[in-house]
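# Structure assessment
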Amino acid sequence: MTYSIDGRTVSAEPRPGQCLRTFLRESGALGVKKGCDAGDCGACTVWLDGRAVHSCLMPAFRAKGCQVTTVQGLASGNALHPVQQAFLEAQAFQCGFCAAGMIMTVAALDEDQRADLPRALKGNLCRCTGYRSIADAVHGVGAIEQDVAGVACGANLPNPFSAGIVTGHARYTMDVDTADPALHGLLHLKVLRSPHAHARILRIDTAKALAIPGVVAVFTHEDVPKKLFSTATHEDHLVDPDDTLILDDVARFVGQRIAAVVADTEGAAEAGCRALEVDYEILPAVFDPLQAMAPDAPLLHPGNDGLAGGARGNVFLCLKGEVGSVAEGFAAAAVVHEETYSTSRVQHAHLETHGSIAWRDGDGRIHVRTSTQAPFITHKKLCYLFGIFPHDLHVFTERVGGGFGGKQEMLSEDLCVLATLKLGRPVKWEFTRPEEFLGATTRHQMTTRVKMGATADGTLTALEVHVVSNTGAYGGHGGETLAAALGSPLAAYRCPAKKAEGHAVYTNVIPGGGFRGYGASQTSFAIESALDDLAAKLGIDPFAIRRRNMIRPDDVIQSVWAEPSDVAFGSYGLDQCLDLVEAELASGKGDQAPEGDWAEGTGVALAVLEAGPPTEHRSGGEMRLLADGTYHLAVGSTEMGNGSVTAHRQIAAAVLGTRAEAIAIINADTDRAPYDTGTFASTGTVVAGQAVELTARALAAEILSYAARRTNTAPEDWRLTADAVESATQRISLAELCRLAAAEGHHLEAKRKAYLSPRTIGFNVQGVRLAVHRVTGEVRVLHSVHAADIGRLINPLQCRGQIEGAVAMGLGWALTEHMVHDAQGNILNAALRNYHIPAFADMPRTTVLFADTHDSIGPLGAKAQGECAINAVAPAVANALANATGVRFAHLPFTPDRIFDRLGRAAGAPS
């Protein structure tokens, strides 16, 4: 068959049943992405004779005789298509994985469709942006500014890979050329997953699988190293329980991997998985963490004696602490409020699924190209598991299509490396979208009981919190998220007596992992909801009770532990944030409530968050002056839509007095970049950015010092400009200075390291005005406003985008998202269409405001921005719902059926 793809003729025969998406990618159109293969996300959108279609739903043979256009064929020569240019100028992407499909959809819209974007974009999802920048691009609203030497910091500069993103040439994990000699003989890996929540494997018969044409090998628990580890990636591995094997003879949740099949094609590997015969001994399962804590509950990990605090059985960690005396505090209170609040288990839903490709090169080294937030920790774990010398292993990312904590996990790399070591051939494994729901990780479901006491004027006298965290079948991030849950949400308020107790509990459900907000989200929801309930009992305004009790810059930052802390106020803008949100909500802006039986209410919530985890986190930077007078920068952190590569270039450019475009950057590569713990816990700016600033300052000093030595003058006589060093009487171009140094065998370069201590603290306040239908339970957000104190804005456009994305994710968590299990532990909504992350039509336009502060700890006065914003969103929605209805909705999410049920009960309707 002959096809026309992006103006070129391709002669190929699709395989029986092959979809157009895979056919196009095999033909070299790697800009066509896979987000779901179910027609839900739109990442694979292409044109068929000018009509936008989801290529994952289109049989390839139907494209015969048609003009197929992908995002790679949209431009005309070197000139971008107007929509591509608009997306670039509005920076209408973050990770960029959705951008190709979104651009193809938008470019096919007529004027009427552009006027109704909620309908026109219903088939395209974005998990990063919150959609505001996409709407701006459609309407021709640009945002990027000129890159001017010396003023890079604070400018709305574009991502350096913008052109590649909007043209489809940016390379994500699976965007590799299979004709590359290194990938010759590429094999495909698929896994058989457990259909049972708890079972012992008695026998795996591989004969029928191995008999399938194309199947090369099958690996079971008998073929893997018997080394326990944790899939979580932290600098200090001791904070995570070593409770996991690469392949185990006991399945502890539905979806756990049982065996790996490696074959010449994905189809053969999948057929091999279906042909495996497994005999199971079904074991008793427990799904509720409270039931799992009972002495007679079935044990998931027999012999567990916990990490701390007397934990035992299915409780692998117990944390307790008290400052002051809550008993005395409650005795002194005029009013005491006590309630239990719970949050749901949700999925990260990054559009790029997990995946890795491993191969061995000519000198025997193993290379792993992967979608991870922590390549260096992954490197460490793989070396440990397989006994590989560090210099014999190379782990790297290129561009990562979203993470949100879900890729702070080693989930695909180990089996690919195992297969490559065993077979000597390259091996690729790419998760399907259902596998993300079945076999990745989730936000921890937590149930939090809050007890608060206050005097008649609203001054807190006692705060007590009890948390039960459902960590699922494996501990992973369970301990660190529990510690975070008992940390900053309690430290946010001044109170003479605080007490907390938390339990992380094993159950037979999919494991919890790192997720934006990282434990603090769950207890922020509970405490912020409880504070509004207390204010209502006292007849005090929600803003007033927060101002009365919120932490102040001369306070000790303390939750429930008396030990010294390295958390400090690098700056303080919480008061500004509250003022900004209150004024915006009072302005009358936003939409009006619909006519009819709608109740309207407003809500507010605040959040504080330390920049980075309490355990060690470190990063390094390397810079050198290049022969053409520009710079090379290497940083170990991952770019996954968090904007770190843009911010790091701007930080370096600001220090060196040059343009950001003069900084070429390499990141997230264990061969070519210095060590970095990983891009999580909001450390991309405050740790890696600090390393960049220190390195740039060291390089500037080295350049000036060398110029002084060459001219027999003092370094302070010289200054560094965009393309030269200058004194009162001389000027030497940077290119010439580099040439002179090279002639002497001297390299103008520098390397520095940064460590996460002290940890500064950021502040966020979310305000919501909403309407809820008294009969149907439908909720509409009429006005969303968010104020943040993140110090100096390195890139205001990026900062706003990060917050808008966090608000969008928070609204999804509050209103629609939750993973549903049946009584046997099966996930019932393992698809984007049934899980429902916010689409364009679901998102209000959030007003984002910033406090005017300059941090004394963070690089160039900046603080973390990507994580804390989500923590205030769900409680603000909850408080607005309570304000509108007079009913407290204490359990996420606030779906119409739940609201309908509670409102009916409140009105006295029969249950």
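Okay, so let's go over this structure.

With that settled, consider helix α26 (residues 873-885). Compared with an ideal rise of 1.5 Å per residue, which puts 13 residues at 18 Å, α26 spans 19 Å between its outermost C-alpha atoms and is within 8% of the ideal. Of all 13 residues that make up α26, 11 are buried, and the element is covered over most of its length. Of the positions making up α26, those classed as buried are V873, A874, P875, A876, V877, A878, N879, A880, L881, A882 and A884.

Let's shift gears to helix α20 (residues 644-656). For α20, which comprises 13 residues, the first-to-last C-alpha distance of 18 Å matches the rise-based estimate of 18 Å (1.5 Å per residue) to within 8%. Buried residues dominate α20, accounting for 12 of its 13 residues. Among all positions in α20, only S644, V645, T646, A647, H648, R649, Q650, I651, A652, A653, V655 and L656 are buried. Positive backbone phi, at 70 degrees, marks G657, one or two positions downstream of α20.

Attention now moves to the packing of helix α17 (residues 520-538) against α26. The contact between α17 and α26 brings their axes to 8 Å, and the two run at 30 degrees. Relative to α26, the element α17 is oriented roughly parallel. Handedness of the crossing formed by α17 with α26: right-handed. Across from S524, F525, E528, S529 and D532 in α17, the residues of α26 making contact are A874, P875, A878 and N879.

The next point concerns the packing of aromatic side chains. Within this structure, the stated rule accounts for 15 aromatic pairs. On the basis of an interplanar angle of 90 degrees and a centroid distance of 6.4 Å, the ring pair of Y341 and F525 is categorised as edge-to-face. Taken as a pair, Y341 in strand β13 (residues 335-342) and F525 in helix α17 lie far apart in primary sequence, 184 residues in all. Residue class for F525 comes out buried when judged on its relative accessible area of 0%. Through a chain of ring-to-ring contacts, three or more aromatic side chains come together here, namely Y341, F525, F889 and F894. In this structure, K227 is placed above the aromatic ring of Y384, and the distance from its NZ or CZ to the ring centre is 5.0 Å.

So, on to the sheet that holds strand β27 (residues 731-733). Spatially, 3 strands are ordered β25-β26-β27 in an open sheet, and the strand pairing comes out antiparallel. The sheet is open, and its two borders are formed by β25 (719-720) and β27, each paired with just one other strand. Pairing between β25 and strand β26 (residues 724-726): 2 bridges, direction antiparallel. From the neighbouring strand, L720 faces β26, where its bridge partner is V725. Along the sheet, helix α23 (residues 734-743) makes contact with β25, β26 and β27, crossing β27 at roughly 75 degrees.

Moving on, we get to the pattern of salt bridges. Where charged atoms of side chains with opposite charge meet at close range, the side chains can pair. Counted by the stated rule, this structure contains 51 salt bridges. One salt bridge connects K33 with D175, and the closest N-O pair in it is separated by 2.4 Å. Placement of the pair is K33 in the loop between α1 (20-26) and β3 (45-48) and D175 in the loop between α7 (162-167) and β6 (187-193), with a sequence separation of 142 residues. Across this residue pair, the class does not change: K33 and D175 are buried.

To continue, consider the sheet that holds strand β5 (residues 67-69). Reading across from one edge, β2-β1-β5-β3-β4 is the order of the 5 strands in this open sheet, with mixed pairing throughout. Sheet topology places β2 (8-11) and β4 (51-54) at the edges, where each strand pairs with a single neighbour. Looking at each pair of strands side by side, their axes are set apart by 35 degrees on average, direction ignored. Note that β3 and β5 share 2 bridges and pair antiparallel. Along β5, the bridge assignment pairs L48 with V68.

A separate point is the layout of surface pockets. Over the atoms a probe the size of a water molecule is rolled, and this reveals where empty space is left. In this structure, the second largest pocket spans a volume of roughly 890 Å³. Forming the walls of the second largest pocket are 31 residues, and the residues nearest its centre are R15, T22, E26, E266 and K428. Looking at the lining of the second largest pocket, the elements with two or more residues in it are α1, β6, α9 (266-275) and β17 (427-430). Examining the composition of the lining of the second largest pocket, we find that 4 residues originate from one element, α1, more than from any other. By residue class, the composition of the lining of the second largest pocket is 8 nonpolar, 9 polar and 14 charged.

Turning next to the environment of L903. Tracing the backbone shows L903 in helix α27 (residues 896-906). With a relative accessible area of 13%, L903 lands in the buried category. Once you skip the residues sitting within four places of it in the chain, L903 turns out to touch H773, R774, T885, V887 and F889.

Backbone torsion omega between S757 and P758 reads 0 degrees, so that peptide bond is classified as cis. Its identity as a non-glycine residue notwithstanding, F404 has a phi of 60 degrees, on the positive side. Assignment of secondary structure puts F404 in the loop between β16 (393-396) and α13 (413-423). The exposure class of F404 is buried, given its relative accessible area of 13%.

Taken as a whole, this structure holds 0 disulfides when the rule is applied. Summary of cysteine pairing: C44 is not part of a disulfide, and the nearest cysteine sulfur, belonging to C56, is at 3.7 Å. For C44, a relative accessible area of 4% puts it in the buried group. Of all cysteine sulfurs in the structure, the one in C416 sits closest to C383, which takes part in no disulfide; the separation is 16 Å.

Okay, the nonpolar core next. By size, the foremost hydrophobic cluster in this structure holds 165 residues, and its most contacted members are F87, V450, M452, V465 and F894. Among the elements that make up this core, the one with the highest residue count is helix α24 (residues 796-815) (10 residues). If we skip the residues at most four places from it in the chain, F894 touches F525, A814, L815, A874, V877, A878, L881, F889 and I899.

Further remarks concern the side chain of T372. Here T372 shows up in the loop between β15 (366-370) and α12 (375-386). Look at T372 and you get buried, because its relative accessible area is 0%. At 3.0 Å, the side chain of T372 forms a polar contact with the backbone nitrogen of A374. Among the polar contacts listed, one links the side chain of T372 to the backbone oxygen of K407, at a separation of 3.5 Å.

The final tally for this structure, using the stated rule, is 8 cavities of 30 Å³ or more. Roughly 320 Å³ of volume is contained in the largest cavity. Taken together, 26 residues form the lining of the largest cavity, with T231, T244, F253, L411 and Y474 sitting closest to its centre. Broken down by class, the residue content of the lining of the largest cavity amounts to 12 nonpolar, 9 polar and 5 charged. Empty space within the second largest cavity amounts to approximately 200 Å³. Per-element tally for the lining of the second largest cavity: the top contributor is α24, with 5 residues. In the lining of the second largest cavity, the residues fall into 3 nonpolar, 12 polar and 3 charged.

Each value, and the rule that gives it
- Residues numbered from 1 in each chain as written.
- Predicted model: local features only at pLDDT ≥ 70, side-chain atom pairs only at ≥ 80, totals over all residues.
- Heavy atoms only, no water.
- Helix = DSSP H or I, 4+ residues; strand = E, 2+ residues; numbered from the N terminus.
- Expected span 1.5 Å × (residues − 1).
- Buried < 20%, exposed > 50% of the residue type's maximum accessible area, 1.4 Å probe, protein only.
- Axes fitted to C-alpha atoms, helices over the stretch in contact; angles between N-to-C directions.
- Parallel < 35°, antiparallel > 145°, perpendicular 65-115°, else oblique.
- Left-handed = near helix turned anticlockwise from the far one by under 90°.
- Contact = heavy atoms within 4.5 Å.
- Phe/Tyr/Trp six-rings, centres within 6.5 Å; stacked < 30°, edge-to-face > 60°.
- Lys NZ or Arg CZ within 6 Å of the ring centre and 35° of its normal.
- Pairing = 2+ DSSP bridges.
- Salt bridge = Lys/Arg side-chain N within 4 Å of Asp/Glu carboxyl O.
- 1 Å grid on protein atoms, 1.4 Å probe; cavity = no way out; pocket = protein on both sides within 12 Å on 5 of 7 lines; lining within 4 Å.
- Points joined across faces, edges and corners; volume = space filled by probe spheres on them.
- Nonpolar A, V, L, I, M, F, W, Y, C, P; charged D, E, K, R; others polar.
- Disulfide = S-S within 2.5 Å.
- Core = buried A, V, L, I, M, F, W, Y, C linked by side-chain atoms within 4.5 Å.
- Polar contact = N/O pair within 3.5 Å; in protein donor to acceptor, adjacent residues only side chain to side chain.

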